Amino acid sequence: MAATVHIGKAAKLAGVSVDTIRFYQKLGLVSSASRSTCGYRLFDEEQIHDLAFVRHAQELGFSLNEVKDLLAVRQKPHACSAVQSMLNRKLADVREKIKGLVRLEQELGGALRNCNRELRLKQEIKHEDCCPLLAKLDRMNAPNGNKHVSSGRRSDSK
């Protein structure tokens, strides 16, 4: 690889877009690039490595603020304990999200079972008159018992 490359080539090598590079530079995640005589941004191998580092850290679910911390920690000796602490927090966050997704999956599965049951029992009734999910959402979103369906009709008018 040449000593420096233009931003487009750096983006390709790091697996990010040109706009992403500019954004990372604006946030201070990647050091500012030197400029060619024509004013083009030039990136060296270390900057391209940093760009790829940021991309991979984001793929692991780290926020840009957390990535900034990781970039700072990697410059220090004995960084393992700090990284371990960050990983423990990230893993705890992921486990909480998984619990939330499991609850969501159960709720959606229950709603689908209710919908299937209602459709089997009331095949002759219009769908909008028997949909348990729409009725539940109406009840949840209705202030003071004012049940209003998204179609613009009131659920109590038949």
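This text gives an overview of the structure that appears in the document.

Criteria and cut-off values
Residues numbered from 1 in each chain as written. Predicted model: local features only at pLDDT ≥ 70, side-chain atom pairs only at ≥ 80, totals over all residues. Heavy atoms only, no water. Helix = DSSP H or I, 4+ residues; strand = E, 2+ residues; numbered from the N terminus. Buried < 20%, exposed > 50% of the residue type's maximum accessible area, 1.4 Å probe, protein only. Contact = heavy atoms within 4.5 Å. Areas by Shrake-Rupley, 256 points an atom, 1.4 Å probe, with all protein chains shown as cover. Axes fitted to C-alpha atoms, helices over the stretch in contact; angles between N-to-C directions. Parallel < 35°, antiparallel > 145°, perpendicular 65-115°, else oblique. Left-handed = near helix turned anticlockwise from the far one by under 90°. Nonpolar A, V, L, I, M, F, W, Y, C, P; charged D, E, K, R; others polar. Pairing = 2+ DSSP bridges. Salt bridge = Lys/Arg side-chain N within 4 Å of Asp/Glu carboxyl O.

1. A closer look at the overall build of the protein chain
Okay, so step 1: Tallying secondary structure elements over the protein chain gives seven helices and three strands in all.
Okay, so step 2: Start at the N end of the protein chain and walk to the C end: the helices and strands fall as β-α-α-β-β-α-α-α-α-α.
Okay, so step 3: Looking at the protein chain residue by residue over its 158 residues, the buried ones come to 25%.
Okay, so step 4: The contacts of the protein chain with a sequence gap of at least 6 include a subset with a gap of at least 24, amounting to 43%.
Okay, so step 5: When the accessible surface of the protein chain is split by element, carbon and sulfur atoms take 54% of a total near 11,500 Å².

2. Structural notes on the packing of helix H1 (residues 7–14) against helix H3 (residues 45–59)
Okay, so step 1: Closest axis-to-axis distance for the H1/H3 pair is 9 Å, and the angle between their directions is 45°. Taken as axis vectors, H1 and H3 run oblique relative to one another. Crossing of H1 against H3: the hand is right-handed. Contacts between H1 and H3 involve Ala10, Leu13 and Ala14 from the first element and Ile48, Leu51, Ala52 and Arg55 from the second.
Okay, so step 2: Of the residues in the contact of H1 with H3, the class split is six nonpolar, no polar and one charged.

3. With respect to unusual backbone geometry
What is expected of a backbone is that most residues other than glycine have negative phi and most peptide bonds are trans.
Okay, so step 1: Positive phi values are uncommon outside glycine, yet His78 reaches one of about 60°.
Okay, so step 2: If you trace the backbone, His78 turns up in the loop between helix H4 (64–73) and helix H5 (80–121).

4. Observations regarding the sheet that holds strand E1 (residues 4–6)
Within a sheet, each strand pairs with its neighbour through backbone hydrogen bonds, oriented either parallel or antiparallel.
Okay, so step 1: An order of E1-E3-E2 is seen for the three strands of this open sheet, with the pairing classed as antiparallel. Either end of the sheet is taken by a strand with one partner, and the two such strands are E1 and strand E2 (34–35).
Okay, so step 2: Bridging between E2 and strand E3 (residues 41–44) involves two bridges; their strand directions are antiparallel. Following the sheet pairing, Arg35 is matched in E3 by Arg41.
Okay, so step 3: This element, H1, spans E1 and E3 of the sheet and lies at about 100° to E1.

5. Let's talk about the pairing of E3
Okay, so step 1: Across three bridges, the pairing between E1 and E3 is antiparallel. Residue pairing for E3: His6 is matched across the bridge by Leu42.
Okay, so step 2: Here E2 folds back onto E3, and the loop between the two strands holds five residues, one of which, Gly39, carries a positive phi near 95°.

6. Concerning the packing of H4 against H5
Okay, so step 1: Two numbers describe how H4 lies on H5: the axes approach to 10 Å, and their chain directions differ by 160°. One way to sum up the angle between H4 and H5 is to call them roughly antiparallel. Crossing geometry of H4 relative to H5 is assigned as left-handed. Facing H4, whose interface residues are Glu66, Asp69, Leu70 and Val73, H5 presents Ala82, Val83, Met86 and Lys90.

7. Overview of the pattern of salt bridges
A side chain with one charge can pair with a side chain of the opposite charge if their charged atoms come near.
Okay, so step 1: Summed over the entire model, instances satisfying the criterion amount to five salt bridges.
Okay, so step 2: In this structure, Glu59 and Arg55 form a salt bridge, with 2.8 Å as the shortest nitrogen-oxygen distance. Within this pair, Glu59 and its partner Arg55 are both found in helix H3, separated by four residues, close to a single helical turn.
Okay, so step 3: Judged by its relative accessible area of 53%, Glu59 falls in the exposed class.
Okay, so step 4: When its relative accessible area of 22% is taken as the criterion, Arg55 is described as partly exposed.
Okay, so step 5: Between Glu66 and Lys90 there is a salt bridge whose closest N-O contact spans 2.9 Å. Of this pair, Glu66 sits in helix H4 while Lys90 sits in helix H5, and the two are 24 residues apart along the sequence.

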